[in-house]
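Topology and contacts: notes
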Amino acid sequence: MANASQYLEEGAGQWPPRPPGPYSEAQRLALEELVAGGPEALRAFLRRERLPPFLSEPEVQAIARGAVPPAAAEEAAAEASLDASSLTYFPERSDAEPPALELGWPGFGSGAFRGLTRVEAHFQPGAGDSPYGCKEAVRRQIRSARQMIALVMDSFTDTDIFTDLLEACSQRQVKAYILLDQSSFSHFLKMCKDLGVDLEQEKLMRVRNITGNTYYTRSGAKIVGKVHEKFMLIDGIRVTTGSYSFTWMDGKLNSSNILILSGPAVAHFDQEFRTLYAHSKPVNLKEFSSSKKNKVFDELVRITVASRDLTRENFLRMEFLYLRAFVGNLKRKRNWMHASREAVFVSSNAMHVSPPLTKRNGSLIMRPHWIIER
């Protein structure tokens, strides 16, 4: 890649050089108008600049609804320190360490032999005696795993496939890494809740969420893309990929296909999974468990299940519910500590507060006392 001095010496076009690829400044400005003013502002901008529409109506509505307003925490984090300078800024590096594949990973070096090249194609609905070709092929691959399963999926709510994963972890000690799109993650948690599965107790399973690219506007709002990659790596030697999602509808109703690959092509999926894992975010399952105990978990799931997209309104409502749950816990702890200063233990189920004395009109009277249930 040419550096700045090469561009200047060769006189290659204007400075700074135009970004490579399909970048369009006009489209960027149009997106700014859409996020700031909505669909009508976008259409007015396109007419004014005499630009052809480049977004379909579903895309316009999805971006308008899904734009997340700037958060106060992000604004504070964006402030630079006083001693920062260009000499201490390394855009190609991250301040945070990438997450470790702590359960282990098959040790294949660069160019290592991963078996003979084979390709199997499966379609759904299938022909002959196998109408559910994709689902059956996926379940066979999971049952064949002996060391590791690494999964990237846009949506995962098929209880049969999830049960196969749980059995692989518990019965054959197979390690499982699962990366799910952030926008559909609540559906996965709802499935786990319905099945009575506590992910914190699954010691050989790691579940994290990921997103697509993130676009930041000048105002600080952001548009978060979704993950449409779908593949499952088995023992580092086979990979299943295609249009098939791990949902009941894809398993029974929708038309889809998958390819099962082995050989050198698997190395590319191996690298891609580790790259996605490095960009993934952890899920604080203790927070979800705490919210569940406070009857907020059901409300969080209901909000996101009711809408296919993480709208701005639902995003703010979810943030409010989280804050309400955690602040409520803090208030209860504070009240208990305050009351316990004058409390006397009387039973295993209650704290009985002794009635302290106070003065009124020169005489001692008792303040009302109360019972604090544990």
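For every chain, the first residue of its written sequence is number 1, and the numbers climb from 1 along that sequence. Local features in this predicted model are restricted to residues whose pLDDT is 70 or higher, and side-chain atom pairs enter the listing and the counts only when it is 80 or higher, whereas totals over whole chains, interfaces and linings include all residues. Excluding hydrogens and water, the side-chain figures rest on all heavy atoms present in the structure.

**Side note on a nonpolar patch on the surface**
A cluster of nonpolar side chains, Trp248, Met249 and Leu253, forms an exposed patch at the surface whose accessible area comes to about 350 Å². The helix count covers DSSP runs of H or I at least four residues long, the strand count covers runs of E at least two residues long, and both are numbered beginning at the N terminus. Relative to the helices and strands, Trp248 is located in helix α9 (residues 248-252). Accessible area is worked out with a 1.4 Å probe on protein chains only. A residue is then buried under 20% of its type maximum, exposed over 50%, and partly exposed in between. Given the relative accessible area of 48%, Trp248 is considered partly exposed. A patch consists of residues exposed above 30% relative accessible area that lack any salt bridge, with like charges linked at up to 9 Å and nonpolar side chains (Val, Leu, Ile, Met, Phe, Trp, Tyr) linked at up to 5 Å. Surface accessibility follows the Shrake-Rupley procedure with a 1.4 Å probe radius. Residue values consider only the protein chains on display as shielding. Salt bridges are counted wherever a side-chain nitrogen of Lys or Arg sits within 4 Å of a carboxyl oxygen of Asp or Glu.

**Thoughts on the packing of aromatic side chains**
Note on aromatic contacts: the rings of Phe and Tyr and the six-membered ring of Trp form a pair at centre separations within 6.5 Å, being stacked when their planes are under 30 degrees apart, edge-to-face when over 60 apart, and tilted otherwise. For the coordinates displayed, the defined rule picks out twelve aromatic pairs. Taken together, a centroid distance of 5.8 Å and an interplanar angle of 85 degrees make the contact between Phe156 and Phe162 edge-to-face. Under the relative-accessibility criterion, Phe156 is labelled buried at 1%. Residue Phe162 is classed as buried on the basis of its relative accessible area, which comes to 0%. Between the aromatic rings of Phe231 and Phe269, the centroid separation amounts to 5.3 Å while the plane-to-plane angle is 65 degrees, which identifies the pairing as edge-to-face. With Phe231 in strand β7 (residues 231-234) and Phe269 in helix α10 (residues 266-279), this residue pair connects regions lying 38 residues apart in the sequence. Both residues of the pair, Phe231 and Phe269, belong to the buried class. Taken together through their ring pairs, the aromatic side chains of Phe156, Phe162, Phe185, Phe188, Tyr244 and Phe246 make up a single cluster. Sitting over the face of the ring of Tyr132, Lys252 holds its NZ or CZ atom 4.2 Å from the ring centroid. By definition here, charges over rings are those cases where NZ of Lys or CZ of Arg is within 6 Å of the ring centre and within 35 degrees of the ring normal.

**Considering the nonpolar core**
Counting residues in each nonpolar core, the largest one holds 35 residues, and the members touching the most others are Ile149, Phe156, Phe162, Phe188, Met205 and Phe246. Of all the secondary structure elements, the ones that give two or more residues to this core are α6 (133-144), β2 (148-153), α7 (159-172), β3 (175-181), α8 (185-195), β4 (205-210), β7 and β9 (256-262). Top element by residues in this core is α7. It accounts for six residues. Pairs of residues are marked as contacts when any of their non-hydrogen atoms sit within 4.5 Å. Ignoring sequence-local partners within four residues, the contact set of Ile149 consists of Ile142, Leu165, Ala168, Val174, Lys175, Ala176, Tyr177, Met232, Leu233 and Ile234. Only buried residues count toward a nonpolar core, which is a set of Ala, Val, Leu, Ile, Met, Phe, Trp, Tyr and Cys residues joined through side-chain atoms within 4.5 Å.

**Concerning the sheet that holds strand β10 (residues 281-282)**
Pairing between two strands is assigned when DSSP locates at least 2 bridges connecting them. Spatially, the eight strands line up as an open sheet ordered β1-β9-β8-β7-β2-β3-β4-β10, and their pairing is mixed. One side of each edge strand has no neighbouring strand; the edge strands of this open sheet are β1 (118-124) and β10. Across four bridges, the pairing between β2 and β7 is antiparallel. Among the inter-strand pairings, Leu151 is bridged to a residue of β7, identified as Met232. Its contacts with the sheet put α10 on β2, β3, β4, β7, β8 (238-242), β9 and β10, and the angle it makes with β7 is roughly 110 degrees. Inter-axis angles, ranging from 0 to 180 degrees, are taken between N-to-C directions of lines fitted to C-alpha atoms, where helices are fitted over the stretch in contact.

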